[in-house]
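Here's the letter readout for the chains.
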Amino acid sequence: MKLTAHKGLFMKRIKIFVIVFAALCLLTACGAKREQTVAGTCTLSISCQTLADAPEKCKADKRELIPADGWILPEETVEFYEGESVFDVLLRETKNHKIHMEYSETPLYQVAYIEGIGNLYEFDAGETSGWMYSVNGWFPNYGCSKYAVADGDVIAWVYTCDLGQDVGGGDAAGAQQ
């Protein structure tokens, strides 16, 4: 009789726990994403025109990855959310378009570095090649995760073969003019 009483009490406590847990999940939207507020729209594009114009600069095993027209993602208007950076927009849109993108993060400085897009990586076209971004025609000299997107911004990701000199962003890369 005593064992049955303990078992009944145990089962009652489990039922109470399950009910409380379910209620907490409903109240806190357990695991659900927080509703984001659309802050505006921006334009995003990804180009490797420098490689399309001179594929011989690229490693031989990567040449087949270069789109003939140079566009990995042609210019497109996309929504962005409050507090998003250029990196956040790039990450979301490459996922949405199933475009391979690889990056590394430096937690100490809270920055992301783009290593490759569309399987085209830094150094695939020499030691001064890699990905750069511009916003409204300006190449910032700081990481894309630090640049807050504003309504109407035009974000362009471009592959450089010459530390930005060939895409108009040499100053951002620290090159001497």
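Residues numbered from 1 in each chain as written. Predicted model: local features only at pLDDT ≥ 70, side-chain atom pairs only at ≥ 80, totals over all residues. Heavy atoms only, no water.

Undergrad: Would you mind showing me how to read the overall build of the protein chain here?
TA: Of regular secondary structure, the protein chain possesses three helices and seven strands. Scanning the protein chain from its N terminus toward the C terminus, one meets helices and strands in the order α-β-α-β-α-β-β-β-β-β. Long-range contacts, defined as pairs at least 24 residues apart, comprise 62% of the intrachain contacts of the protein chain with a sequence gap of at least 6. About 11200 Å² of surface is accessible on the protein chain, with carbon and sulfur atoms providing 56% of the total. (Helix = DSSP H or I, 4+ residues; strand = E, 2+ residues; numbered from the N terminus. Contact = heavy atoms within 4.5 Å. Areas by Shrake-Rupley, 256 points an atom, 1.4 Å probe, with all protein chains shown as cover.)

Undergrad: How do you make sense of the sheet that holds strand 3 (residues 101-106) when you look at a structure like this?
TA: The strands that make up a sheet pair up through hydrogen bonds in the backbone, lying either parallel or antiparallel. Taken together, the three strands give an open sheet; going across it, the order is 3-4-5, and neighbouring strands pair in antiparallel fashion. Either end of the sheet is taken by a strand with one partner, and the two such strands are strand 3 and strand 5 (120-121). Taken together, the two bridges between strand 4 (residues 111-117) and strand 5 define a ladder with antiparallel strand orientation. Considered in strand 5, the bridge of G116 is made with Y121. The strands that helix 3 (residues 86-96) touches are strand 3 and strand 4; relative to strand 3, the one it contacts most, it runs at about 145°. (Pairing = 2+ DSSP bridges. Axes fitted to C-alpha atoms, helices over the stretch in contact; angles between N-to-C directions.)

Undergrad: Whenever I open this one, the sheet that holds strand 6 (residues 130-135) confuses me. Can you help?
TA: Read from one edge to the other, the open sheet built from four strands follows the order 2-1-7-6, with strand pairing classed as mixed. Unpaired on one side and paired on the other, strand 2 (71-81) and strand 6 mark the two borders of the sheet. Taking each pair of neighbouring strands and ignoring which way they run, the sheet shows an average axis angle of 20°. Direction of pairing for strand 1 (residues 38-47) relative to strand 2: antiparallel, over a ladder of eight bridges. If you follow L44 over to strand 2, its bridge partner there is E76. Sitting on the sheet, helix 3 touches strand 1, strand 2, strand 6 and strand 7 (154-160), and the angle it makes with strand 2 is about 115°.

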